[in-house]
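Tertiary structure, described
Now for the letters of each chain:
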Amino acid sequence: VRTSATDNYEAIRQGFQAEAMAHAGAVVAACDQTREQLARHQQHGWEAALAYARAVSPWHAERLAGLGVDAAPADVPTMTKDDLLANFDRIVADPRCSLANCEAQLAAVKDRPCFVDDDYVVVTSGGTSGRRGVFPWTRSGFAGIFLSVSRWALRGPLDGEPPRRVTSVGARSPRHATAAVSMVFGSSGGETSFPVDLSVAEIVAGLNRVQPDLLVVYASMVPILAEESVAGRLTIHPKVVSPTSEPLPPGCREAAVDAWGVELMNAYGTSEAGILASGCCAAAGMHVNEDLLLVEPVDAEGRPVGPGERSAKVLVTPFGAGHALPLIRYELDDEVVPLDEPCPCGSPFWRLAEVTGRADDLLVWGDVTIHPHVVRSVMSAHAGVLEYQVRVMPDGVDVDVRPSGRHHVDPYALHFELRAALTQAGLPDPRVDIHRVAAVARTDMGKLRRFVPLARAS
Ligand SMILES: [Zn+2]
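Residues numbered from 1 in each chain as written. Predicted model: local features only at pLDDT ≥ 70, side-chain atom pairs only at ≥ 80, totals over all residues. Heavy atoms only, no water.

Check the secondary structure of the protein and you find 13 helices and 21 strands. For the protein, whose C-alpha radius of gyration is 21 Å, the value lies close to the compact-globule estimate of 23 Å for 458 residues. In the protein, once contacts between residues fewer than 6 apart in sequence are set aside, the share between residues at least 24 apart is 66%. Working note: accessible area of the protein is about 19,200 Å², and carbon and sulfur atoms make up 54% of it. (Helix = DSSP H or I, 4+ residues; strand = E, 2+ residues; numbered from the N terminus. Rg over C-alpha atoms; globule rule 2.2 N^0.38 Å. Contact = heavy atoms within 4.5 Å. Areas by Shrake-Rupley, 256 points an atom, 1.4 Å probe, with all protein chains shown as cover.)

Written out as structure tokens, the structure reads:
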């Protein structure tokens, strides 16, 4: 029996998909514009982003009040995740996407992406910093996330033929961007997403059923799935394999070539700003989606870094109007290295080497290895958790939790949910200690290490 909610879900999905289809041709063609065309495009995009932020957001309007309409990026103050979370309702473009309403809608969804009316999809993230964030996306913004990865595939290995079966192996929760993108833009009625906390045998069986042509997968799962293919248990023939969310494990590219005959298409994305850079399958490294957003790699003092230099942060400004959360020079704690060699694919878009700053370590106890997502998915379901750190102990985990001022956090619920998740993932009878803290310890570089491995005896 089909319920009306099911029909509505399909209708909403189709609305998002139609938005993506409407722009696919132009977005693919844009990869081959000249540097001069691109420079004009960027100037226009930046000016439109500033004008839009001022028009829809009182917070931006106040901060940008002293600046001319033609202000250059370097003249505009940066903003942090703290700014965003503390001023959310004065930044968001539509009151329907207030933090309270986004949270209420998120609490009501279970196995489907979270929509606000037919117009927005809401995703959550722990992000690099371990602080939970809530991010609404408009239809056009969310279609842009999908297109900014898939256009490089369409222009390269897919040869203009849209992918028919987009499948992800990643987050269980459709509140996470990776799963939400696959569910919204994946094939109708089919299985579009396999959670990384299923057993490998279940994931393999699922992928064999679906036969994805575009597979989006947590980077740490690529070597595991490649091994399953070489062993003959996984029998898929993807045209594109796009690792996300984690740094590439060593040997990952070679393993994908052996298993599927494809060059991995790496992507560097965030739940708040979308896909900053995407691989093109012609060479290692990723093209910055510089017609869609301004990406500024900077050092610890905020000065631009040059080719070959490692950044301390990245500032990102998604271009144009039409974003639910306008971000202007938004700070990400990511280390990137700009490249200056031209790409053999012919696109003049500049490139970044691999991203090294988004490491989530696997949790390891002797023979037991648990994906960090098992913990992330529990933590991110609690609105009261502002940030956290998990330390692997010989008999379980110690978890520092910094509660949010706005929401209640229930340490007993966290305790029982983490115990259940770790047990299910293969750690028998784990000890789980939750500590409330005023701030989570950071490294000398100001970074938060979300998962601290068991200290090794040396
Ligand atoms: Zn290229």
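With that out of the way, let us pick up the pattern of salt bridges. Tallied over the entire structure, the rule returns 20 salt bridges. Note that E10 and R13 form a salt bridge whose closest N and O atoms lie 3.0 Å from each other. Placement of the pair is E10 and R13 together in helix α1 (residues 4–29), with a separation of 3 residues, close to one helical turn. For the pair E10 and R13, one class covers both residues: buried. Note that R303 and D299 form a salt bridge whose closest N and O atoms lie 2.9 Å from each other. Among the charged side chains, a salt-bridge network with shared partners connects D94, R96, D117, D119 and R139. (Salt bridge = Lys/Arg side-chain N within 4 Å of Asp/Glu carboxyl O. Buried < 20%, exposed > 50% of the residue type's maximum accessible area, 1.4 Å probe, protein only.)

Surrounding the zinc ion are the protein donor atoms C280 (SG), H287 (NE2), C343 (SG) and C345 (SG), at 2.1 to 2.3 Å. Within one chain, the residues serving as donors to the zinc ion are arranged as C-x6-H-x55-C-x1-C. With a gap of 65 residues between them, C280 in the loop between β9 (274–278) and β10 (286–288) and C345 in the loop between β14 (338–339) and β15 (351–352) connect regions that are remote in the sequence. In this structure C345 comes out as partly exposed when scored by relative accessible area, which is 23%. (Donors = N, O, S within 2.8 Å, 3.2 Å for Na, K, Ca; no water.)

A word on the packing of helix α10 (residues 222–230) against helix α11 (residues 252–260). Running from N to C, α10 and α11 point in directions that differ by 30°, and their axes come no closer than 9 Å. Considering their axes alone, α10 and α11 lie roughly parallel with respect to each other. Crossing handedness for the pair α10 and α11: left-handed. Touching V222, P223, L225, A226, S229 and V230 of α10 are C252, A255, A259 and W260, all from α11. The residue inventory of the contact of α10 with α11, partitioned by class, reads 9 nonpolar, 1 polar and no charged. (Axes fitted to C-alpha atoms, helices over the stretch in contact; angles between N-to-C directions. Parallel < 35°, antiparallel > 145°, perpendicular 65-115°, else oblique. Left-handed = near helix turned anticlockwise from the far one by under 90°. Nonpolar A, V, L, I, M, F, W, Y, C, P; charged D, E, K, R; others polar.)

The next point concerns the layout of surface pockets. In this structure, the second largest pocket spans a volume of roughly 610 Å³. Taken together, 28 residues line the second largest pocket, and the ones lying closest to its centre are S140, G144, L292, F319 and H323. Secondary structure elements with two or more residues in the lining of the second largest pocket: α1, α2 (35–56), α7 (139–155) and β9. When residues in the lining of the second largest pocket are grouped by element, the largest group, 7 residues, is from α7. Its residues placed into classes, the lining of the second largest pocket shows 14 nonpolar, 12 polar and 2 charged. (1 Å grid on protein atoms, 1.4 Å probe; cavity = no way out; pocket = protein on both sides within 12 Å on 5 of 7 lines; lining within 4 Å. Points joined across faces, edges and corners; volume = space filled by probe spheres on them.)

Let's shift gears to the sheet that holds strand β18 (residues 385–393). Strand order in the open sheet made by the 4 strands is β20-β19-β18-β21, with mixed pairing throughout. Of all the strands in the sheet, the pair left with one neighbour each is β20 (431–436) and β21 (451–452). Set on the sheet, helix α12 (residues 372–380) makes contact with β18, β19 (396–403) and β21; between it and β18 the angle comes to about 150°. Lying over the sheet, helix α13 (residues 411–424) contacts β18, β19 and β20, oriented at roughly 150° with respect to β20. (Pairing = 2+ DSSP bridges.)

Inspection of the entire model under this criterion finds 7 aromatic pairs. On the basis of an interplanar angle of 55° and a centroid distance of 5.7 Å, the ring pair of F16 and F115 is categorised as tilted. Note that F16 is positioned in helix α1 and F115 in strand β1 (residues 114–116), a separation of 99 residues in sequence. A relative accessible area of 0% places F16 in the buried class. (Phe/Tyr/Trp six-rings, centres within 6.5 Å; stacked < 30°, edge-to-face > 60°.)

On to the environment of V149, then. One can find V149 in helix α7. Note on V149: relative accessible area 14%, which makes it buried. Sequence-wise, V149 and G279 are 130 residues apart; in three dimensions their C-alpha atoms are separated by 8.0 Å.

Before going further, it helps to examine the pairing of strand β2 (residues 120–125). Among the 6 residues of β2, 6 are classified as buried, and the element is accordingly described as predominantly covered. Direction of pairing for β1 relative to β2: antiparallel, over a ladder of 3 bridges. The residue of β2 that forms the bridge with V116 is Y120. Linking β1 to β2, which pair antiparallel, is a turn of 3 residues; within it D117 sits at a positive phi near 50°.

Note that all results are geometric; they support no functional claim without further evidence.
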